[in-house]
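Chain by chain, the residues:
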Amino acid sequence: HLGMTSRISSAAQYIARKLKEVGILDGKSPTTIAATIIYFTIAVFRQKVSLAQISDKTGVSEGTIKASYKHLYAAKEKVIDPHWIESGEVNVALIPRN
């Protein structure tokens, strides 16, 4: 419903697996985790989907997504595939802090 490409979907799934491995966002609801992963993945790949759109489609408030995003951003090196960086697909320095 957000018009994400299969590449973004695949990357979000990768990030979700890594997130679970490292225990970031443990204790958050599955819907909050999903919304945050979508927002983070969109930011990582510099796509044009707004926080408001993600909030509207997932039912998770913008504030909740932003609060969880901060935790995910702080652990970005643990959840981003190094191949994305090596290939030039992702520039960690360009990922927004919030």
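Here the structure is shown first, and the text comes after it.
Below, the structure is looked at part by part.

What counts and what doesn't
- Residues numbered from 1 in each chain as written.
- Predicted model: local features only at pLDDT ≥ 70, side-chain atom pairs only at ≥ 80, totals over all residues.
- Heavy atoms only, no water.
- Salt bridge = Lys/Arg side-chain N within 4 Å of Asp/Glu carboxyl O.
- Helix = DSSP H or I, 4+ residues; strand = E, 2+ residues; numbered from the N terminus.
- Buried < 20%, exposed > 50% of the residue type's maximum accessible area, 1.4 Å probe, protein only.
- Contact = heavy atoms within 4.5 Å.
- Polar contact = N/O pair within 3.5 Å; in protein donor to acceptor, adjacent residues only side chain to side chain.

### Brief notes about the pattern of salt bridges
And then number 1: In total, this model carries three salt bridges according to the counting rule given.
And then number 2: The salt bridge involving Glu-21 is made with Lys-18; its shortest N-O contact spans 3.4 Å. With Glu-21 and Lys-18 both in helix 1 (residues 6–22) and three residues apart, this pair spans about one turn of that helix.
And then number 3: The exposure class assigned to Glu-21 is exposed, which follows from its relative accessible area of 59%.
And then number 4: Lys-76 is the salt-bridge partner of Glu-77, the closest N and O atoms lying 3.8 Å from each other.
And then number 5: Using a relative accessible area of 57% as the deciding quantity, one classes Glu-77 as exposed.

### Some thoughts on the side chain of Ser-55
And then number 1: Tracing the backbone through its elements, the reader meets Ser-55 in helix 3 (residues 51–58).
And then number 2: What makes Ser-55 buried here is its relative accessible area of 14%.
And then number 3: If sequence neighbours within four positions are ignored, Ser-55 has contacts with Val-60, Ser-61, Glu-62 and Ile-65.

### Some remarks on unusual backbone geometry
And then number 1: We note that Leu-25 has phi near 70 degrees; this positive angle belongs to a residue other than glycine.
And then number 2: With respect to the helices and strands, Leu-25 occurs in the loop between helix 1 and helix 2 (30–44).
And then number 3: A positive phi angle, near 55 degrees, is found at Arg-46, a position not held by glycine.
And then number 4: On the secondary structure map, Arg-46 appears in the loop between helix 2 and helix 3.

### Some details on the side chain of Thr-32
And then number 1: Checked against the element boundaries, Thr-32 lands in helix 2.
And then number 2: For Thr-32, a relative accessible area of 9% translates into the label buried.
And then number 3: In terms of polar contacts, Thr-32 uses its side chain to reach the side chain of Ser-29, at 2.9 Å.

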